[in-house]
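Geometric and topological summary
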Amino acid sequence: MKHQTSSDWIARSLRSVWHPCTQMQHHEEVPLIAVSRAKGPWLYDHENKRYLDAISSWWVNLFGHANPRINAALKDQLDTLEHAMLAGFTHEPVIELSEQLAALTGHALGHAFYASDGASAVEIAMKMSFHAWRNAGFSDKQEFVCLQGSYHGETVGALSVTDVPLFKDAYGPLLRAAHVVASPDARNALEGESAQDVARRAIADVERLFEERANKIAAIIVEPLVQCATGMAMHDPLYLELLRELCDRHQVHLIADEIAVGCGRTGTFFACEQAAIWPDFLCLSKGISGGYLPLSLVLTTDAIYQSFYSEDITRGFLHSHSYTGNALACRAALATLQIFRDDDVLNRNRELATKLTIALAPLAEHERTKAFRQRGMIFAFDAVEPDAARAASFARRFFTTAVENELLLRPIGRTVYLMPPYVLDEEEIDLLGSRVKSVFESVMAA
Ligand SMILES: Cc1ncc(COP(=O)(O)O)c(C=O)c1O
């Protein structure tokens with residue numbers, strides 16, 4: 001058979017694959033990229049053109065593509081056990097992973113419940129919260145609270161607590177209404193206000209709602225420290241600390257959605273650690289398998305677990321997915337946690353983040369950017385583009401110019417962000433700094 005070029009694969013893909021989060025007609029203008037292989041932070045197409053994966057393939061990859069250590073663990077697991085159902089059965093990878101995750105929370109949380117995608121973990125946390133209250137005799141607690149600009153996934157329950165109109169509005173009639181409270185986004189600071197002042201102001205909004213109807217509210221769900229999908233909106237850890245107090249005082253569960261911000265992205269393994277709090281439910285996905293395989297999970301407290309433990313089957317959590325606790329995915333996660341330990345990743349990332357901040361400094365100071373922000377290994381800035389039409393097309397134009405310059409970057413609206421794998425070398429850091437700037441300048445000038 002004749003060698004297939006990128007264009008052959010793209011044409012076949014457009015005929016047969018419905019791509020996610022895409023108005024497919026846009027591909028008449030915006031190029032689809034056919035990836036043939038990947039190594040480290042680089043993706044390669046069929047003509048060997050390379051792209052630096054500066055957003056970790058939708059925030060999942062931690063230690064580079066084709067990582068030798070994760071590959072070796074998976075090859076070994078493949079010859080041992082690929083998958084076995086988790087109801088009535090168990091296996092080594094899922095047990096060890098659950099033990100290690102509980103240990104990472106100092107055993108404040110545990111009883112890991114598994115699924116595959118992030119949205120499924122959110123569904124699980126929401127159902128568990130409601131059911132735990134019901135088991136405790138509070139069946140009126142059925143409502144959920146989310147933050148302005150929140151994103152928790154696209155299944156019907158998760159979309160109900162998502163506040164991104166573009167994703168949500170079309171499905172409005174299918175969704176349960178949630179309460180939306182103010183975002184603690186530090187960019188909301190009024191003249192003279194600090195990020196902590198914004199956090200306090202946002203907490204006052206939650207307090208008003210809880211005072212009025214906490215008896216009807218099961219849980220509030222937050223993306224700790226960084227609301228990623230709304231454009232890397234960052235807040236002060238004080239918000240989480242005060243929210244924990246408020247939830248305790250008003251008997252409302254706190255769900256921490258660490259699907260995007262967990263696994264070291266914000267500088268600590270769990271973002272909640274920076275506020276010295278633990279939620280009642282912690283959702284994890286994306287990076288936990290090193291970006292290799294779909295794996296998500298919810299950790300919860302002994303108290304919640306005990307509220308389901310009964311002779312009565314209907315008090316149990318009768319939720320399942322076919323691939324719950326998949327052995328290959330759990331083994332990839334164990335290899336990922338091993339790399340965190342062996343390579344002292346959190347400390348090394350501190351140095352890496354400093355170097356990247358220095359490399360991006362010309363953009364932070366650029367006259368056409370504002371609100372440069374960084375937390376851990378997440379970096380973002382907003383383009384200053386007063387022209388509405390140009391602002392509306394900014395993300396698409398930036399993406400196209402970036403791929404022409406070997407970069408995979410997908411701005412959110414006017415926000416350009418980087419969330420790279422933790423394996424960049426000096427040359428790649430320099431390349432990122434200089435190319436992001438030149439791409440930005442050419443998009444702003446065009
Ligand atoms: C904070 C957060 N929650 C949930 C999700 C949904 O995860 P998934 O796309 O794996 O369903 C995402 C995905 O980006 C996310 O960023």
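See the structure above.
Read on for an overview of the structure. In this text the structure is predicted, and so the values were computed from the model without any measurement.

**Section: the sheet that holds strand β3 (residues 50-53)**
Spatial strand order, β1-β2-β3-β15: four strands in an open sheet with mixed pairing. The open sheet has two edge strands with one neighbour each: β1 (35-39) and β15 (407-408). Of the strand pairs in this sheet, β3 and β15 are connected by two bridges, and their pairing is parallel. Residue pairing in the sheet places D53 in a bridge with L408 of β15.

**Section: the site of the ligand**
The ligand sits among W59, D117, G118, A119, Y151, H152, G153, E223, D257, I259, A260 and K286. D257 has a polar side-chain atom sitting 2.6 Å from a nitrogen atom of the ligand. Relative to its free-state accessible area of 390 Å², the ligand is covered by the protein chains to the extent of 83%. Residues that form the shell around the ligand fall into these classes: five nonpolar, three polar and four charged.

**Digging into unusual backbone geometry**
Trans peptide bonds make up the majority, and among non-glycine residues the majority have a negative phi. Even without glycine at this site, Q251 takes up a positive phi of about 55°. Following the sequence through the fold, Q251 ends up in the loop between α9 (238-250) and β10 (253-257). In this structure, K286 is a non-glycine residue whose phi angle is positive, near 45°. Tracing the backbone shows K286 in the loop between β11 (281-284) and β12 (296-300).

**Concerning the packing of aromatic side chains**
Scanning the entire structure with this criterion turns up 15 aromatic pairs. Between F63 and Y422 the ring centres are 5.8 Å apart and the planes differ by 80°, which places this aromatic pair in the edge-to-face class. A residue pair is termed long-range when its members are at least 10 positions apart, and F63 in the loop between α2 (56-59) and α3 (68-78) and Y422 in the loop between β16 (415-418) and α15 (426-445) qualify at 359 residues. There is no split in this pair, since F63 and Y422 are both buried. The interplanar angle of 50° and the centroid separation of 5.6 Å between the aromatic rings of F394 and F398 together place this pair among those described as tilted. One end of the pair is F394 and the other is F398, both in helix α14 (residues 388-404) and four residues apart, which spans about a single turn. As far as the burial class goes, F394 and F398 line up, both buried. Geometry around Y44 places R37 over its ring, the cationic atom sitting 4.0 Å from the centre.

**Thoughts on the pairing of strand β2 (residues 42-45)**
Burial along β2 is two-sided: the face carrying W42 and Y44 and the face carrying L43 and D45 are both buried. Two strands pair when backbone bridges link them, and β1 and β2 are joined in this way by four bridges, in the antiparallel orientation. For V35, the partnering residue across the bridge sits in β2 and is D45. The antiparallel pairing of β1 with β2 creates a hairpin that spans two residues between the two strands, and G40 there sits at a positive phi of about 55°. Relative to β3, β2 is paired through three bridges, and the arrangement is antiparallel. When the sheet's bridge partners are listed, W42 is paired in β3 with L52. In textbook terms, the turn of a hairpin is the stretch between consecutive antiparallel strands, and for β2 and β3 this stretch comprises four residues, one of which, N48, has a positive phi near 70°.

Reading guide: rules and limits
- Residues numbered from 1 in each chain as written.
- Predicted model: local features only at pLDDT ≥ 70, side-chain atom pairs only at ≥ 80, totals over all residues.
- Heavy atoms only, no water.
- Pairing = 2+ DSSP bridges.
- Helix = DSSP H or I, 4+ residues; strand = E, 2+ residues; numbered from the N terminus.
- Near = heavy atom within 4 Å.
- Polar contact = N/O pair within 3.5 Å; in protein donor to acceptor, adjacent residues only side chain to side chain.
- Areas by Shrake-Rupley, 256 points an atom, 1.4 Å probe, with all protein chains shown as cover.
- Nonpolar A, V, L, I, M, F, W, Y, C, P; charged D, E, K, R; others polar.
- Phe/Tyr/Trp six-rings, centres within 6.5 Å; stacked < 30°, edge-to-face > 60°.
- Buried < 20%, exposed > 50% of the residue type's maximum accessible area, 1.4 Å probe, protein only.
- Lys NZ or Arg CZ within 6 Å of the ring centre and 35° of its normal.

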